[in-house]
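Next come the chains, spelled out residue by residue.
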Amino acid sequence: MSDTNTLHVAILPSSGMGHLVPAVRLAASLAARNCRITFITTHPTVSLAESRLVSRLVSFFPNVTRQEFHLLPLDRSTANSNDPFCLQFETIRRSAHLLSPILSSCSPPLSALVTDPSLVSAVIPITEKLRLANYNLFIASPKMLSLLIYFPTIANTDLSTTSSKTTDYIEIPGIPPLPKSWLPPPLVDPSSLFRTQFIANGQEIVKSDGILVNAFDSLDKATVAALNGGKVMGRLPPVITVGPFVPLEFEKGSPVEWLDRQPVGSVVYVCFGNRTAASREQIRELGDGLERSGCRFLWVVKEKKVDREDEEEVGEIVGHGFLERVKEKGLVVKSWVEQGEVLAHPAVGLFLSHCGWNSITEAALYGVPILGWPQGGDQKINGEVIPKSGLGIWVETWGWEEIVKGEEIGDKIREMMGDEKLKVQAARIGEEARKSVGVGGSSYKGLEGLVEKMRKGR
Ligand code: UDP
Ligand code: UDP
C-alpha cells in the first residue's frame, strides 16, 4: 500500500512526439496537483526531438524523477514494419518484462502506472502481477479509441473498400458508420506489425482502470458519451476527458520572431507533425499552392520521417527560386518550431494541418481554424471532428493516395483566409477549450477526479 499522503504515479510513454508530448503535459498537470511522478524514458529514442524534450522535463519539475528504461535490441526478422516508430513500439513491448523491477523499486511505492495505447497489452500483465492500477493515456481522438476497442471484433471481416456503398463502411455500435477508406492503411494489411499490435491492444485496453482522452466537449462529446454509456462495448473502464492539454512554458524554444512583424491573422501556418514526410513532388505543389494563395505563410517542411536523417537544406527541398520569390511573404523552416507558441501568436490566421490529434487539440485551444489534410495513419478518423465541431474543414478528396495540385491548395487557402464566420466559430471553440481546462471546467474536474481515484487505489 502506498502512503496516502504521497500519490506517486509512473508514466510510460511510447515512441514519437505525438506520444511523448501529451505524456509530458499530463506529468506536469499531475505534478501541479502535488503528485510525485516517475517518468520512464526509453533508450535509445528514435528522434532527436524526443531526447531533447525528455532532458528538459526533469530540470523544470522538481516533483518529476526520470527513470531510464534500456531496451533490448529488436530482431528485425520477426517484426514486419518499415516504420521506425512502429518498430520502436515493438522494441518497447518486447522489453516490457524489464519494467517489473523498475516499477517495484519506486519509492514511495507507486499508486498507478499511466501508459500508452501502443504498449497496453504488453504492460497490463506486468501491472496486474504487481497489483498496480493501470491507466491509459489515449493519444488520438475519441473515434479512434472506439475503433481500437471494437477492431478485434471486426478484424477478420472484409475491410477492403469496394464500389458497393453498403459494404464501404464499418459499423461500430453507438457511433455513426466509419468509411473503410478512413482506416489507417496498415490495419487493412493482415501481415502488418501495426495491425497485430492494434488487435492485442484493443483486446487488453478494456482491462485498464481508466482511459484518459485529450478531448473536451466541443471535440466529440457524443463519442465519449457512447463509450461511457456502454454503447460501443459493455463494461469499459471510465473514459475521462482531460483536454486539451496546454503547451508548457519549458517546451518553448527560440520564438519565431518573424511572426512579430506580420499583421494580425495574416499568416498560414503549415506543419504535418513530427513524423510525416512528404514526397518532393508534393512539397513542390504545396509551395506552389502557398505562393498562389497570395497569403503570408510559415511552413515547416519535412522530407524524412526521422529528424536525424533530414539532412538536405531547405532551398534544395523547396527550390531556391521559390525561396527567392516568396522571401517577402513566407518563412520556410526545417527545424522544430514550438507549435503551441506559433498557434498562440496573433499573426496566425489558419493552420494547414495533417490532422495529428495533438495538432487538432492545440489549434482548438488557441481558436485557430484548420484546413485539414490527412497524410496517413489515424488522421482521417481524427480529422472528422474538424468540420463537425466547426473548427474548419477537411477536403475529403485530398487524401494520402494522390498528389494534390498547387492550384487547388492555393484556392482553398484563399477561401478559408477570407471566411470571417469560420474565424468566429474557431474563436468560440478556443473559449470553450480554455473554460474546460480552467478551474471548475470539465477537464479540470476530470483531472481532479483522476487524482482522487488514483489515491483510493484499485
Ligand atoms: N510539433 C511541434 N513542432 C513541430 C512539429 C510538431 O511542436 O515542428 C508538436 C505538435 O505541437 C504536437 C506534436 O509535435 O504536439 C505532434 O503531434 P501530432 O499528434 O499533431 O502529430 P504526429 O507528429 O504524431 O503525427
Ligand atoms: N495505436 C493504437 N494501438 C497500437 C498502436 C497505435 O491504438 O497498438 C493508435 C495510436 O494511438 C494512434 C494511431 O494508432 O491513434 C496511430 O498511431 P501512430 O503512433 O502510428 O501514429 P502517430 O500518432 O504517432 O502519428
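Position labels on residues start from 1 in each chain and follow its written sequence. Chain A is the first chain written and ligand 1 is the first ligand written, with later ones labelled in order. Two thresholds apply to this predicted model, a pLDDT of at least 70 for residue-level local features and 80 or more for giving and counting side-chain atom pairs, whereas whole-chain, interface and lining totals are computed over all residues. Neither water nor hydrogens contribute to the side-chain values; these are computed over all heavy atoms in the structure.

Enquirer: Tell me about the overall build of the chain, residues and numbers included.
Expert: Helix and strand definitions here come from DSSP, where helices need a minimum of 4 consecutive H or I residues and strands a minimum of 2 consecutive E residues; each element is numbered from the N-terminal end. The secondary structure content of the chain amounts to 18 helices and 15 strands. Each principal axis of the C-alpha distribution contributes one length, and for the chain these read about 65 × 55 × 45 Å. For the exposure calls, accessible area comes from a 1.4 Å probe over protein chains only, and a residue counts as buried if that area is under 20% of its type's maximum, exposed if over 50%, partly exposed in between. Every one of the 458 residues in the chain was classed for burial, and the buried ones make up 59%. Exposure was quantified through the Shrake-Rupley algorithm and a 1.4 Å probe, taking into account, for residues, occlusion by the shown protein chains and nothing else. Element-wise, carbon and sulfur atoms account for 52% of the exposed surface of the chain, whose accessible area totals about 18900 Å².

Enquirer: Tell me about the site of ligand 1, residues and numbers included.
Expert: By convention in these notes, a residue is near a molecule or strand provided one of its non-hydrogen atoms lies within 4 Å of it. The immediate surroundings of ligand 1 are formed by 15 residues, with N274, V337, N358, S359 and E362 found nearest. Any pair of nitrogen or oxygen atoms within 3.5 Å is treated as a polar contact; in protein, a donor-acceptor pairing is required on top of that, and neighbouring residues in sequence qualify only through side-chain atoms on both sides. Within the backbone of Q339, a nitrogen or oxygen atom sits 3.2 Å from an oxygen atom of ligand 1. Between ligand 1 and the protein, one listed contact pairs an oxygen atom with a side-chain N or O atom of H354 at 2.9 Å. The set of elements that each furnish at least two residues to the shell around ligand 1 consists of helix 1 (17–31) and helix 13 (357–366). Among the elements that make up the shell around ligand 1, the one with the highest residue count is helix 13 (4 residues). Think of it as three bins: nonpolar holds Ala, Val, Leu, Ile, Met, Phe, Trp, Tyr, Cys and Pro, charged holds Asp, Glu, Lys and Arg, and polar takes everything else, Gly as well. Along the lines of polarity and charge, the residues of the shell around ligand 1 split into 5 nonpolar, 8 polar and 2 charged.

Enquirer: Please give an account of empty space enclosed by the protein that cites residues and values.
Expert: Both cavities and pockets are sets of points on a 1 Å grid over the protein atoms alone; in a cavity a 1.4 Å probe fits but cannot get out, in a pocket the set is open with protein on both sides within 12 Å along at least five of seven lines, and lining residues sit with an atom within 4 Å of a point. Grid points are joined across faces, edges and corners, and a volume is the space filled by probe spheres set on the points. One pass over the full model with this rule turns up 3 cavities of 30 Å³ or more. Considering only enclosed or pocket space, the largest cavity measures out at about 90 Å³ in volume. Lining the largest cavity are P13, S14, S15, L20, F39, I40, T41, T42, T45, E50, V54 and Q88. Elements with a minimum of two residues in the lining of the largest cavity: strand 2 (36–43) and helix 2 (48–60). The dominant element in the lining of the largest cavity, judged by the number of residues it contributes, is strand 2, at 4 residues. In terms of residue class, the lining of the largest cavity is built from 5 nonpolar, 6 polar and 1 charged. Taken together, V270, C271, F272, T276, A278, I283, L286, W299, V300, V301 and K302 make up the lining of the second largest cavity. Those elements that place two or more of their residues in the lining of the second largest cavity are strand 10 (267–271), helix 9 (280–293) and strand 11 (296–300). For the lining of the second largest cavity, the residue count by class is 9 nonpolar, 1 polar and 1 charged.

Enquirer: Which residues make up the pattern of salt bridges, and what are the values?
Expert: What makes a salt bridge here is a side-chain nitrogen of Lys or Arg within 4 Å of a carboxyl oxygen of Asp or Glu, nothing more. Tallied over the entire structure, the rule returns 24 salt bridges. A salt bridge links E90 to R93, with the nearest nitrogen and oxygen atoms 3.7 Å apart. One end of the pair, E90, and the other, R93, are both in helix 3 (residues 84–94), 3 residues apart, so they sit about a helical turn from each other. The class of E90 is buried, set by a relative accessible area of 9%. Accessibility expressed as a relative area gives 14% for R93, which makes it buried. Ionic pairing is found between E285 and K405, a salt bridge with its closest N-O pair at 3.6 Å.

Enquirer: I'd like a description of the site of ligand 2, backed by residues and values.
Expert: Lining the immediate surroundings of ligand 2 are 15 residues, of which H19, F89, A140, N201 and D378 lie closest. Note that an oxygen atom of ligand 2 is positioned 2.6 Å from one of the side-chain N or O atoms of H19. At 2.4 Å, a side-chain N or O of N201 approaches an oxygen atom of ligand 2. When the free accessible area of ligand 2 is taken as 520 Å², the share hidden by the protein chains comes to 91%. Elements supplying a minimum of two residues to the shell around ligand 2: helix 6 (142–154) and helix 7 (193–204). In terms of residues, the shell around ligand 2 owes the most to one element, helix 7, which gives 4 residues.

Enquirer: So what's going on with the side chain of H43? Which residues, and what values?
Expert: Within the secondary structure layout, H43 lies in strand 2. Of note is the side chain of H43, whose polar atom sits 3.4 Å from the side chain of R66. What makes two residues a contact is simply this: any of their non-hydrogen atoms within 4.5 Å. If sequence neighbours within four positions are ignored, H43 has contacts with R66, E68, F69, H70 and L71.

Enquirer: Describe the sheet that holds strand 3 (residues 64–70), with residues and values.
Expert: Backbone hydrogen bonds hold the strands of a sheet together, and the pairing may be parallel or antiparallel. Pairing within the open sheet is parallel, and its 7 strands lie in the order 3-2-1-4-5-8-9. Every interior strand has two partners, whereas the edge strands, strand 3 and strand 9 (239–241), have only one. Ignoring which end each strand starts from, the neighbouring axes of this sheet average 25 degrees apart. Whether two strands pair depends on DSSP finding at least two bridges between them. Where strand 4 (residues 112–115) and strand 5 (residues 133–138) come together, 4 bridges link them in parallel fashion. The partner of A112 across the bridge, within strand 5, is A133. Helix axes are fitted to C-alpha atoms over the stretch in contact, other axes to C-alpha atoms as well, and angles between N-to-C directions run from 0 to 180 degrees. Packing against the sheet, helix 5 (residues 120–130) makes contact with strand 4 and strand 5, and its axis sits at approximately 160 degrees to strand 5.

Enquirer: I'd like a description of the environment of R33, backed by residues and values.
Expert: Along the polypeptide, R33 turns up in the loop between helix 1 and strand 2. Between the alpha carbons of R33 and V451 there is a distance of 8.1 Å; along the sequence they are 418 residues apart. Non-local contacts of R33, meaning those with residues more than four positions away in its chain, are made with Y444, L447, E448, V451 and R455. Reaching out from R33, the side chain makes a polar contact with the side chain of E448 at a distance of 2.8 Å.

Enquirer: Describe the nonpolar core, naming the residues involved and giving the relevant values.
Expert: Throughout this description, the term nonpolar core refers to a set of buried Ala, Val, Leu, Ile, Met, Phe, Trp, Tyr and Cys residues connected via side-chain atoms within 4.5 Å. By size, the foremost hydrophobic cluster in this structure holds 66 residues, and its most contacted members are L145, L147, F151, L259, Y269, L298 and I360. When sequence neighbours within four positions are dropped, the list of residues in contact with I360 reads L219, C355, I370, N382, G383, V385, I386 and L391. Membership of the second largest hydrophobic core comes to 38 residues, among which are V9, A28, I37 and F61.

Enquirer: Go over helix 5, please, and point to the residues and values.
Expert: Listed in full, the buried residues belonging to helix 5 are V120, S121, A122, V123, I124, I126 and T127. Tucked inside the fold, the buried residues of helix 5 contact helix 3, helix 4 (99–104), strand 4, strand 5 and helix 7. Looking at the residues trailing helix 5, positive phi occurs at R131, about 55 degrees.

Enquirer: Which residues make up unusual backbone geometry, and what values do they have?
Expert: The amide bond that connects H43 to the next residue, P44, takes the cis arrangement and shows omega of -5 degrees. Tracing the backbone through its elements, the reader meets P44 in the loop between strand 2 and helix 2. Residue P244 is reached from G243 by a cis peptide bond, and omega for that bond is -5 degrees. With respect to the helices and strands, the residue P244 is situated in the loop between strand 9 and strand 10. With phi around 65 degrees, N34 is a residue other than glycine that occupies positive phi space. Its location among the elements puts N34 in the loop between helix 1 and strand 2. Residue N34 is classed as exposed on the basis of its relative accessible area of 62%.

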